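Each chain is listed here by its residues.
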Amino acid sequence: MKSSYDWPAAAEPPALELGEIHLWRVKVPDEGNVPTDWLGFLTAEERDRVARKRIPVDARRTLTSRACLRLLLGMYVGRSPEQIALEATPEGKPILRGQGEPDRIEFNVSHSAEWVILGFSRGPALGLDVECHRELEFDDLVTGFFSPIERKAWASLPLTNRCEAFFAAWTRKEAYLKALGVGLAKSLDSFSVSLGAGSSGKLVWCADHPRAPQTWHFVSIDPAPGYAGALALDYSSKTLRTFSFHAPGG
Ligand SMILES: CC(C)(COP(=O)(O)OP(=O)(O)OC[C@H]1O[C@@H](n2cnc3c(N)ncnc32)[C@H](O)[C@@H]1OP(=O)(O)O)[C@@H](O)C(=O)NCCC(=O)NCCS
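The structure presented is a predicted model; accordingly, all values stated were derived computationally and were not measured.

Criteria and thresholds
- For every chain, the first residue of the written sequence is number 1, and numbering continues from 1 along that sequence.
- It should be noted that, the model being predicted, local features are given only for residues of pLDDT at least 70 and side-chain atom pairs only at 80 or more, the latter also being counted only at that level, while totals for whole chains, interfaces and linings use all residues.
- Only heavy atoms go into the side-chain values, all of them from the structure, while hydrogens and water stay out.
- Between rings of Phe, Tyr and Trp, where Trp is taken as its six-membered ring, a pair exists when centres lie within 6.5 Å; planes separated by under 30 degrees are stacked, by over 60 edge-to-face, and by other angles tilted.
- Helix and strand definitions here come from DSSP, where helices need a minimum of 4 consecutive H or I residues and strands a minimum of 2 consecutive E residues; each element is numbered from the N-terminal end.
- Note on classification: 1.4 Å probe, protein chains only; a residue is buried when its accessible area is under 20% of the maximum for its type, exposed when over 50%, partly exposed between these limits.
- For a Lys NZ or an Arg CZ to count as sitting over a ring, it must be within 6 Å of the ring centre and within 35 degrees of the ring normal.
- DSSP calls a pair of strands paired once it identifies at least 2 bridges connecting them.
- Axis lines are fitted to C-alpha atoms, over the contacting stretch for helices. Their N-to-C directions set the angle, which ranges from 0 to 180 degrees.
- Contacts: residue pairs with any heavy atoms within 4.5 Å of one another.

**Notes on the packing of aromatic side chains**
Then step 1. Per the counting criterion, the structure on display carries 14 aromatic pairs.
Then step 2. Each ring, one from Phe 138 and one from Phe 167, has its centre 5.8 Å from the other, and the planes form 90°; the classification is edge-to-face. Remark: Phe 167 occurs in helix H6 (residues 162–180) and Phe 138 occurs in helix H4 (residues 138–145); sequence separation between them is 29 residues. The same class applies to Phe 138 as to Phe 167, namely buried.
Then step 3. By the ring-pair criterion, three or more aromatic residues cluster together here, those being Phe 138, Phe 145, Phe 146, Trp 154, Phe 166, Phe 167 and Trp 170.
Then step 4. Between Lys 173 and the ring centre of Phe 146, over which it is positioned, the NZ or CZ distance is 5.6 Å.
Then step 5. Over the aromatic face of Phe 191 sits the side chain of Lys 173, whose NZ or CZ is 4.1 Å from the ring centroid.

Set out below in structure tokens:
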């Protein structure tokens, strides 16, 4: 599968075929450019979540994420954004209520700084994570959260490759947890991912699922310069299609 900066603009999705994955990126609108109908798509609880964000860009990112999830899911399943019945698993993963086969749709969302990324497939589950590159205490985070295999790989990396390798590994780890739907209930050092910042990555080891590395793998996503992203899958997808969402009214 490919990964590139080529995310052509689209206002609605093409048909989502079995075996395809559609990834959408949405730029968080500047103040004054947020479509006026977005807030109205949300439930009272979701609107409260937006209102509780103290920093304006955080509120706009939360609103963008949920409004665009509702808009896109609505287009995939033929409902209006307000009719999309979302619920969360006990671990917090949003799912679409009342889905039956064969039209079942899987999705996952991630956001960082100015971008929201949304992924859709006809199943099985997928996991997404995106992070804006920024200065962090990489060594401390690797020591605190990475597995022994990852720590060894990290120590052998040239200093100049470390920022890119950190975000490649970190987004793979988060994407794996998000595909499983377990969030941080699963310890980050109980599995290992490859650290190389190439177009794909591997699950190298998983303590409680020794066979998981046979199927789980990662596709690197480049939503925009200065960002790293990963898509976690436990099956081979023939086609990954990427789009920039131009929401109606946006
Ligand atoms: C919630 C979590 C699943 C991802 O958090 P995150 O990386 O901070 O945030 P992302 O933007 O990638 O993902 C948030 C989205 O994941 C989805 N999500 C929430 N819980 C989820 C779960 N258990 N499984 C899958 N997806 C989940 C939601 O759609 C959420 O978006 P929304 O709130 O707009 O609906 C969890 O792994 C977490 O809390 N991570 C924190 C990681 C951390 O401490 N990082 C420090 C980096 S140095």
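**Quick word on the environment of Asp 222**
Then step 1. Here Asp 222 shows up in the loop between strand S10 (217–221) and strand S11 (227–233).
Then step 2. C-alpha separation for the pair Asp 222 and Ser 199, spaced 23 residues apart in sequence, amounts to 9.3 Å.

**Details of the sheet that holds strand S9 (residues 200–206)**
Then step 1. One open sheet accounts for 5 strands, arranged S7-S11-S10-S9-S8; its pairing is antiparallel. Looking at which strands have only one partner, the edges of the open sheet turn out to be strand S7 (127–132) and strand S8 (191–193). Within this sheet the neighbouring strands show an average axis-to-axis angle of 25°, counted without direction.
Then step 2. Here 5 bridges tie S10 to S11, and the two strands are oriented antiparallel to one another. Across the sheet, the residue bridging to Ile 221 is Gly 229, located in S11.
Then step 3. Sitting on the sheet, helix H5 (residues 148–155) is in contact with S8 and S9, with an inclination near 30° to S8.
Then step 4. Lying over the sheet, H6 contacts S7, S8, S9, S10 and S11, oriented at roughly 145° with respect to S7.

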